[in-house]
Amino acid sequence: MISKTSLFLVCLLLFSCKTETIIEPAPYADIISYKIPYDNGKDSINAIIENNNIIINWPGMSEWPIPQKLKPKIVVSKNAKISPASEQEIELKIGLKYEVKAENGTTKSFEIKLNNTAKLPFFPEGEIRKYRRGQTALIAVLNLASDGSDKLTLFNEAKKEFYPIPSLKNPLSGFMFIVDQANGQEIPPGEYTAKITNKFSQEIYSSKPVVNITDLTATPYPNLDLTEPLKLKSGDEFTVPLKYANKDVRISAALLTYVNNEGNRSYIMLQILGVDYEGAKLKLGIPKSYNNELTSTLDQTIRLITSNGEGSNPMLKHPIQIIK
């Protein structure tokens, strides 16, 4: 005989309703954040996500070039997937596209918009400076990159382009160069406008002529091309090629510059042992009285003082090491 309690349980099992919750796949396919490691990982650049665009404003400091390859850190909607993936190496460029796929298969495309906010070099107003061929010239340029990556070219009235030899640079106030070309061709007399090309391949032109190359007698300078330091001892002699050697121009001094232990620029007076005008060579010597060791690095120079100099005379890079 079935008890009332058992009968109640059977009925409950037979007539009870079973409820199930069905969760649909998420339809969200958004980029939540897009960050680029910056300053050797000390900081990050946060992109702006707007209207399916990834807007990247690169910081306005010319000493930080935009790298060709980088690994952005990306956060997307929950359970969504992005291609290229987060921290996957990409080539950062305008028009690069990402695709985000939601859990339910919905997809969205996002495109890179890259704004380079680095400060561009510019030529301040000023008088045209006059220089001889072979002399060290200075053109005032502001916002030059401190890594020395900016390149200078000169244009004459006929729009012909010339490539002066870079000398020491002062990134704060101007571009220093030798009024000559490394290819052996001279820069003719006349007025020249200038162009700076930066590491982003952007070209900046002066609005008017900035330098006047005169037809006065050229200034001689040592044209020595060394990749390894020339090692010398006190009393040693050495010869350097001399560009624009001229009997009418007297070389009164030759200085070997270097950075001393206090971090200041200093120099020693080299001996002038002779000038071969026909062979265009200058013979120099290390003073026998000089007993210290020093290295004049690729950033330091031999500097000549000549009788026809106007302002700074030529300075070029010549690595020389004095040893005991």
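Residues numbered from 1 in each chain as written. Predicted model: local features only at pLDDT ≥ 70, side-chain atom pairs only at ≥ 80, totals over all residues. Heavy atoms only, no water.

**Student:** Looking at this structure, I do not really get the nonpolar core. What am I missing?
**Tutor:** Within the largest apolar cluster, 24 residues are counted, with the highest numbers of intra-cluster contacts made by I31, Y34, I54, I56, Y98 and I112. Top element by residues in this core is strand β1 (residues 31–38). It accounts for four residues. Aside from chain neighbours lying at most four places away, what touches I56 is Y34, I36, I45, A47, L92, I112, K113, L114 and N115. (Core = buried A, V, L, I, M, F, W, Y, C linked by side-chain atoms within 4.5 Å. Buried < 20%, exposed > 50% of the residue type's maximum accessible area, 1.4 Å probe, protein only. Helix = DSSP H or I, 4+ residues; strand = E, 2+ residues; numbered from the N terminus. Contact = heavy atoms within 4.5 Å.)

**Student:** It is not clear to me how the sheet that holds strand β26 (residues 294–296) should be interpreted in this structure. Could you clarify?
**Tutor:** Two modes of strand pairing occur in sheets, parallel and antiparallel, and in both the strands are linked by backbone hydrogen bonds. Taken in spatial order, the three strands line up as β21-β29-β26 in an open sheet, and their pairing is mixed. Every other strand in the sheet has two partners, leaving β21 (230–232) and β26 as the edge strands with one partner each. Taking each pair of neighbouring strands and ignoring which way they run, the sheet shows an average axis angle of 15 degrees. Of the pairings in the sheet, the one linking β26 to strand β29 (residues 320–322) comprises three bridges and is antiparallel in character. Looking across to β29, one finds that L294 is bridged to I322. (Pairing = 2+ DSSP bridges. Axes fitted to C-alpha atoms, helices over the stretch in contact; angles between N-to-C directions.)

**Student:** Can you help me understand the packing of aromatic side chains in this one?
**Tutor:** Within a pair of aromatic rings, the relevant descriptors are the distance that separates the centres and the angle that separates the planes. Counted by the stated rule, this structure contains four aromatic pairs. Aromatic side chains Y34 and Y98 sit 5.5 Å apart centroid to centroid with 80 degrees between the ring planes, which places their arrangement in the edge-to-face category. Here the residue Y34 occupies a position in strand β1, and Y98 occupies one in strand β9 (residues 97–101), the gap between them amounting to 64 residues. As far as the burial class goes, Y34 and Y98 line up, both buried. Consider the rings of F155 and Y205, whose centres lie 6.1 Å apart with planes at 45 degrees: the pair is tilted. Here F155 is found in strand β13 (residues 151–155), whereas its partner Y205 is found in strand β18 (residues 203–205), with 50 residues between them in sequence. Residue classification places F155 among the buried residues on the basis of a relative accessible area of 12%. Positioned above the aromatic ring of Y244, the side-chain terminus of K243 is 4.9 Å from the ring centre. (Phe/Tyr/Trp six-rings, centres within 6.5 Å; stacked < 30°, edge-to-face > 60°. Lys NZ or Arg CZ within 6 Å of the ring centre and 35° of its normal.)

**Student:** How should the pairing of strand β6 (residues 73–76) be read in this particular structure?
**Tutor:** Within a regular beta strand, the side chains point alternately toward one face of the sheet and then the other, so they alternate between its two faces. Burial of the side chains of β6 is restricted to one face: I74 and V76 are buried, whereas none of K73 and V75 on the reverse face is. As paired strands, β1 and β6 are joined by four bridges and run antiparallel to one another. When the bridges of β6 are listed, Y34 appears paired with I74.

**Student:** It is not clear to me how the sheet that holds strand β4 (residues 53–58) should be interpreted in this structure. Could you clarify?
**Tutor:** On the basis of which strands lie adjacent, the open sheet formed by five strands has the order β3-β4-β10-β9-β7 and mixed pairing. Looking at strand neighbours, the two that pair on one side only are β3 (48–50) and β7 (81–83), the edges of this open sheet. When strand polarity is set aside, the average angle formed by the axes of neighbouring strands in this sheet is 25 degrees. Pairing between β9 and strand β10 (residues 107–116): five bridges, direction antiparallel. Bridging from a neighbouring strand, K97 pairs with E111 of β10.

**Student:** I'm lost on the environment of Q271 in this one. Help?
**Tutor:** Looking at the secondary structure, you find Q271 in strand β24 (residues 265–276). A relative accessible area of 35% means that Q271 is categorised as partly exposed. Put simply, Q271 and P287 are 16 residues apart on the chain and 6.3 Å apart in space, counted from C-alpha to C-alpha. If we skip the residues at most four places from it in the chain, Q271 touches K283, L284, G285, I286 and P287.

Spatial relationships are all this shows, so hold off on functional conclusions.
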